[in-house]
Amino acid sequence: MTYYLQGIDDDYEAVTLLSKKLIDATPDELVLTFGDNILLGVQGVKRKLQYIDDPSQLLSDYLSYTFILHNKDLEISLQIYENINNHFRINCFSKYGSKSGQLFSLNLTTSFENDLITFKQKIKFSDQIKGDTESAKLVRLRKQESINHYLRTNGYDIDDKSNELYLGMYDVKNNTFIDTTAEKLIHDFLTISILKGHYMGNKGYRFDTVPTIG
């Protein structure tokens, strides 16, 4: 069923509609590919990840998955919540062994305009790297270049000049997606998040056939 709305000015209402759309499309299993690594994800996690149980976290635990990587659980949770700046973000968190943390996030409040949420984000790295400032900056730049090249090679839309990754749009007024689907957005966001965790180098896991920087 499609709902046609008169227009939405409030980002909370827009993000709530998006969250319901994603929950309705939640798959029981996911298959993600990273080089020669094919990961099967099963819905659900054993450990708590970040805001997974917070009543204000709009996706609850619906978009949480456990993948087996190198004979260990890689637990992933996709969440939508309001941060301390009163901005809504869609954010992916991971746990692998003793390592945990944020992988990739996108500001939904600043992306909401004229009844559209545009899923567009430049992939950046801010991890602390030993060495002098310029060398560390160069390593982060090389990580960005490498992940962008990998994603472009695998069919993702990344602008050549701005390096912004484009994943489609959500038309809030017509409750439908543009240039993507709910299922594809879930698949793509989790793929990019887990891949970014590999490049970050501090999340406890690596893929054998994906380039490693730093």
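Residues numbered from 1 in each chain as written. Predicted model: local features only at pLDDT ≥ 70, side-chain atom pairs only at ≥ 80, totals over all residues. Heavy atoms only, no water.

(A) Up close: unusual backbone geometry. Its identity is not glycine, yet Ser-60 carries a phi of approximately 50°, on the positive side. Judged by its relative accessible area of 29%, Ser-60 falls in the partly exposed class. One non-glycine residue, Asn-86, lies in positive phi territory at about 60°. (Buried < 20%, exposed > 50% of the residue type's maximum accessible area, 1.4 Å probe, protein only.)

(B) Structural detail: the pattern of salt bridges. Enumeration over the complete set of coordinates arrives at 5 salt bridges. The salt bridge involving Arg-152 is made with Asp-160; its shortest N-O contact spans 3.5 Å. Residue Arg-152 is classed as partly exposed on the basis of its relative accessible area of 30%. Asp-160 gets classed as exposed once you look at its relative accessible area, which sits at 65%. (Salt bridge = Lys/Arg side-chain N within 4 Å of Asp/Glu carboxyl O.)

(C) Representation of the sheet that holds strand β3 (residues 64-69) within the structure. Overall, antiparallel pairing links the 6 strands, which are arranged β1-β2-β3-β4-β5-β6 in an open sheet. Every interior strand has two partners, whereas the edge strands, β1 (29-34) and β6 (99-107), have only one. When the angles between neighbouring strand axes are averaged without regard to direction, this sheet yields 25°. As paired elements, strand β4 (residues 72-82) and strand β5 (residues 88-96) share 9 bridges and run antiparallel to each other. Each residue of the ladder has a partner; that of Tyr-81, found in β5, is Arg-89. Sheet contacts for helix α3 (residues 182-200): β1, β3, β4, β5 and β6; angle to β6, the most-contacted strand, approximately 130°. (Pairing = 2+ DSSP bridges. Helix = DSSP H or I, 4+ residues; strand = E, 2+ residues; numbered from the N terminus. Axes fitted to C-alpha atoms, helices over the stretch in contact; angles between N-to-C directions. Contact = heavy atoms within 4.5 Å.)

(D) Local environment of the nonpolar core. Counting 56 residues, the largest nonpolar core has Leu-22, Leu-108 and Phe-119 as the members making the most contacts within it. For this core, the element with the most residues is α3, which contributes 10 residues. Ignoring sequence-local partners within four residues, the contact set of Phe-119 consists of Leu-18, Leu-106, Leu-108, Leu-165, Tyr-166, Leu-167, Gly-168, Met-169, Tyr-170, Phe-177 and Leu-185. (Core = buried A, V, L, I, M, F, W, Y, C linked by side-chain atoms within 4.5 Å.)

(E) Local environment of the packing of helix α2 (residues 133-153) against α3. Between α2 and α3, whose axes approach to 11 Å, the crossing angle comes to 145°. The interaxial crossing formed by α2 with α3 has right-handed handedness. Contacts between α2 and α3 pair Lys-143, Ser-146, Ile-147, Tyr-150 and Leu-151 from the former with Ile-192, Leu-195, Lys-196, Tyr-199 and Met-200 from the latter. Residues of the contact of α2 with α3, tallied by class, amount to 7 nonpolar, 1 polar and 2 charged. (Left-handed = near helix turned anticlockwise from the far one by under 90°. Nonpolar A, V, L, I, M, F, W, Y, C, P; charged D, E, K, R; others polar.)

(F) Fine view of a nonpolar patch on the surface. On the surface, Val-31, Ile-38, Leu-40 and Val-42 cluster together to form a nonpolar patch covering roughly 360 Å² of accessible area. Of all the elements, strand β2 (residues 37-43) adds the most residues to the nonpolar patch, at 3 residues. When you line up the elements, Ile-38 lands in strand β2. Residue class for Ile-38 comes out exposed when judged on its relative accessible area of 62%. (Patch = residues over 30% accessible without salt bridge, like charges linked within 9 Å, V, L, I, M, F, W, Y side chains within 5 Å. Areas by Shrake-Rupley, 256 points an atom, 1.4 Å probe, with all protein chains shown as cover.)

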